[in-house]
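Structural overview for review
Residues per chain are reported as follows:
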Amino acid sequence: MTATADAEAAANELTPLADYLGSVLRRLRALPPLDLDLTQAYGNVLAEDVVAPHSYPAFDQAAVDGYAARWDDLSGAGRAAGGYAGRSGPSGSRTVRLNVVGDLGAASWRPVRLTPGACFSVAAGAPLPIAADVVVPVEWTDQGMAAVEIFRTPKRGYGVRRAGEELPAGTLLARAGTYVSPALVAVFAATGIGHVVVRPSPRVVIVATGDELVDVGRGSQPGQVVDANSHALTAAAAEVGALAYRVGICDDDPEGLRGLLEDQTLRADLIITTGGTGTGPGDMVRRILSRREGGRAGPVTFTEVALYPGTSLGFGTVGAEEVPVVCLPGEPGAALIGFEVLARPAINLLAGAEPVFRPSVRAHLLETITSPGGLREFRPAHVAERRGGGYTVQPLPGGKFTLSGLAEANGLMVLGERVTTAAAGSTVDVLLLDRRR
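A short tour of the structure in this document, coming up. (Residues numbered from 1 in each chain as written. Predicted model: local features only at pLDDT ≥ 70, side-chain atom pairs only at ≥ 80, totals over all residues. Heavy atoms only, no water.)

**Overview of the overall build of the protein chain**
Which entries qualify depends on this criterion: Each helix is a run of H or I in the DSSP string that is no shorter than four residues. Each strand is a run of E no shorter than two, and both are numbered from the N terminus. Put simply, the radius of gyration uses C-alpha atoms, and a globule should come to 2.2 Å times the residue count raised to 0.38. The criterion used for residue contact is that any of the two residues' heavy atoms lie within 4.5 Å. All accessibility values rest on the Shrake-Rupley procedure with a 1.4 Å probe; residue burial counts only the protein chains present in the view. Here Asp and Glu are counted as negative and Lys and Arg as positive; His is not counted, and neither are the chain ends. Positions of charges follow a simple convention, taking NZ of Lys, CZ of Arg, CG of Asp or CD of Glu.
Each helix and strand counted, the protein chain has nine helices and 30 strands in total. Taken against the 2.2 N^0.38 rule, which gives 22 Å for 437 residues, the C-alpha radius of gyration of the protein chain at 32 Å runs more than 25% over that of a compact globule. Residue pairs in contact within the protein chain that sit at least 24 positions apart in sequence constitute 71% of those at least 6 positions apart. Accessible surface for the protein chain amounts to roughly 21100 Å². Of this, 52% is attributable to carbon and sulfur atoms. Averaging the locations of the 39 positively and 46 negatively charged side chains of the protein chain gives two centres separated by 7 Å.

This is the structure we're talking about:
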């Protein structure tokens, strides 16, 4: 049997990624909802639909600084215009003179009524007088105080915002599963909402394991590996919106690892470990967490998944509270891909976010690439929009160079298990990474 045939035979024994993800995510449930003050709601996910209890604007108001008037009193001034067109109409055009009977600011609250031939000086945001149906911009007048000369007539309704024009009472403002953004906070506040029911941000604890690990700040020596994973995964969890806690390095000590995980269940909704998921002599996480005790299976099941890079993934629960645990490989590139594929959807599900997966697009490949058969590869890439529509995608280093490729990527190409070669000009799926650049 050839090396290629051996690789294909081994790949056929792996669990398809879609099947594995489905089996894991079905075991998770969104965190219980809680009622939060609006100022604390940003970044959380709504647990129920939100409907506007009041209209926005709440009352008829001026949209611009100017003079609130009756359009019928202005119909002869200059020539009609639909927007700002200068200080006055053409030379010699007819003007309209109205009496200014008062001034209205944004804090004015007493209702007033217009009578024929009169107007009010108004500031943007001021309540509109009863019977007013137009606001003449200051620039189209002589800016008079007791009386005003109006040179041009706006269209009826210009400069006016009617009550409920933007958001009538009863409007569905946001559905359950929506992240609360700053703009959404403003919408809630403007329609009279002071509290919303949300899912809390998941508390995620990250643990790096291995006797070989040393902390950052120095280079690796033989027998030592700098712990990049716990720092990277803490940042990745925070990017999703989790409250991320980096525990640091845990040696390959069975009792130490068990004790650490037990302690962390008190403050975690999800625990992520990295390293030790394989079947080698030093892969202690797998040995410890999958060990059968008293005839019962271990708390974590490790599965060989048709994923590249990083086929060994673990999932289960620990502690009396049965806190979910995701176990990722130790190689940094594989750990970050494992996070994107497994841990990120898990965090989104706990948070109640919808959808749980990143958005994807179809893009034209700019360069021919190869991919290992039988494995679903996630390759770092740079995706760009084309002028005429659609997307192009440029592959970046993958495989053993995935870490350096991810540092430049704004997307992940997804190459299916049956793809061994993707030709330039073909169309591939790309997950969009919401990196801030």
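Once you've had a look at it, read on.
**A few points about the sheet that holds strand 2 (residues 45–46)**
One key point about sheets: their strands pair by backbone hydrogen bonds, in either a parallel or an antiparallel sense. How we decide: Two strands qualify as a pair provided that DSSP identifies no fewer than 2 bridges between them.
The sheet built from three strands is open, its strands ordered 1-14-2 with antiparallel pairing. Edge positions in the sheet fall to strand 1 (34–37) and strand 2, since each has one partner strand and no second.

**Considerations on the sheet that holds strand 20 (residues 300–304)**
Note the threshold: Orientation is described by lines fitted to C-alpha atoms, with helices fitted over the stretch in contact, and by angles between N-to-C directions that extend from 0 to 180 degrees.
On the basis of which strands lie adjacent, the open sheet formed by six strands has the order 18-15-19-23-22-20 and mixed pairing. Of all strands in the sheet, those with a lone pairing partner are strand 18 (243–250) and strand 20, marking the two edges. Strand-to-strand twist in this sheet, taken as the mean axis angle between neighbours without regard to direction, amounts to 20°. Relative to strand 22 (residues 312–318), strand 20 is paired through five bridges, and the arrangement is antiparallel.

**What about the packing of helix 2 (residues 17–25) against helix 8 (residues 332–351)?**
The cut-off we apply is this: Each crossing gets its hand from how the near helix is turned against the far one by less than a right angle, where anticlockwise is left-handed and clockwise is right-handed. The classification used treats Ala, Val, Leu, Ile, Met, Phe, Trp, Tyr, Cys and Pro as nonpolar, Asp, Glu, Lys and Arg as charged, and all other residues, Gly among them, as polar.
One way to put it is that helix 2 packs onto helix 8 with a least axis distance of 11 Å and a crossing angle of 30°. Of the two possible hands of crossing, helix 2 and helix 8 adopt the one that is right-handed. Mapping the contact onto sequence places L17, Y20, L21, V24 and L25 in helix 2 and V341, L342, P345, A346 and L349 in helix 8. Of the residues belonging to the contact of helix 2 with helix 8, the class tally is ten nonpolar, no polar and no charged.

**Brief notes about the environment of L25**
Rule in force here: Each residue gets one of three labels from its accessible area relative to the maximum for its type: buried under 20%, exposed over 50%, partly exposed in between, using a 1.4 Å probe on protein chains only.
The topology assignment puts L25 in helix 2. Residue L25 is classed as buried on the basis of its relative accessible area, which comes to 13%. For the pair L25 and P345, spaced 320 residues apart in sequence, the C-alpha separation works out to 7.9 Å.

**Notes on unusual backbone geometry**
A cis amide bond, omega -5°, links Y56 with the succeeding residue P57. On the secondary structure map, P57 appears in the loop between strand 3 (50–51) and strand 4 (61–62). Positive phi, close to 85°, is recorded for A131, a residue that is not glycine. Here A131 is to be found in the loop between strand 8 (118–122) and strand 9 (134–137). Residue class for A131 comes out partly exposed when judged on its relative accessible area of 40%. The backbone of Q143 sits at a positive phi, close to 60°, despite the residue not being glycine. Of note, Q143 is situated in the loop between strand 9 and strand 10 (147–150).

**A short note on the pairing of strand 22**
By the criterion of burial, strand 22 is predominantly enclosed, with six of the seven residues buried. Taken together, the five bridges between strand 22 and strand 23 (residues 323–328) define a ladder with antiparallel strand orientation. Residue G314 lies in a different strand from strand 23, and its bridge partner there is C327. Linking two consecutive strands that pair antiparallel, namely strand 22 and strand 23, is a turn of four residues; a positive phi of about 80° is found at G319 within it.

**Regarding the pattern of salt bridges**
Basically, it comes down to this: Here, a salt bridge means any Lys or Arg side-chain nitrogen found within 4 Å of an Asp or Glu carboxyl oxygen.
Going through the model one piece at a time under the given rule, you end up with 17 salt bridges. A salt bridge links E149 to R97; the shortest N-O distance between them is 3.1 Å. With E149 in strand 10 and R97 in strand 7 (residues 96–104), this pair connects stretches of sequence that are 52 residues apart. Residue classification places R97 among the exposed positions, given a relative accessible area of 55%. Put simply, E255 and R258 hold a salt bridge, and the shortest N to O gap is 2.9 Å.

**Some words on the packing of helix 5 (residues 229–240) against helix 8**
Rule in force here: Should an angle fall under 35 degrees it is taken as roughly parallel, and over 145 as roughly antiparallel, whereas 65 to 115 is taken as roughly perpendicular and any remaining angle as oblique.
The interhelical angle for the contact between helix 5 and helix 8, taken along N-to-C directions, is 30°, at an axis separation of 10 Å. Between helix 5 and helix 8, the angle falls in the class roughly parallel. Helix 8 is crossed by helix 5, and the crossing has right-handed handedness. Of the residues in helix 8, those touching helix 5 at N229, A232, L233, A236, A237 and V240 are P332, A335, L336, F339, R344, I347 and N348. Residues of the contact of helix 5 with helix 8, tallied by class, amount to ten nonpolar, two polar and one charged.

**Here we look at the nonpolar core**
Within soluble globular proteins, side chains that are nonpolar generally end up buried alongside one another. Threshold: The set of buried Ala, Val, Leu, Ile, Met, Phe, Trp, Tyr and Cys residues whose side-chain atoms join them within 4.5 Å is what this entry labels a nonpolar core.
Ranked by size, the top nonpolar core spans 41 residues in total, and within it V204, I272, L307, V326, F339, I347 and F378 carry the most contacts. Contributions of two or more residues to this core are made by helix 2, strand 15 (203–209), helix 5, strand 19 (270–274), strand 22, strand 23, helix 8 and strand 28 (411–415). Of all the elements, helix 8 adds the most residues to this core, at ten residues. Leaving out residues up to four positions away in the same chain, F378 has contacts with L17, L307, Y308, P309, I337, V341, M413, V414 and L431.

**Side note on the packing of aromatic side chains**
For the record, the criterion: Aromatic rings from Phe, Tyr and Trp, with only the six-membered ring used for Trp, were paired whenever their centres fell within 6.5 Å, and each pair was classed as stacked if the ring planes differed by under 30 degrees, edge-to-face if by over 60, and tilted otherwise. Charge-over-ring contacts are defined here by two conditions on Lys NZ or Arg CZ: a distance within 6 Å of the ring centre and an angle within 35 degrees of the ring normal.
A full pass over the atoms with the stated rule returns one aromatic pair. Taken together, a centroid distance of 6.2 Å and an interplanar angle of 10° make the contact between W140 and Y158 stacked. Placement of the pair is W140 in the loop between strand 9 and strand 10 and Y158 in the loop between strand 11 (153–154) and strand 12 (160–161), with a sequence separation of 18 residues. The burial state of W140 is the same as that of Y158; both residues are buried. Sitting above the plane of the W140 ring, R152 keeps its charged end 5.8 Å from the centroid.

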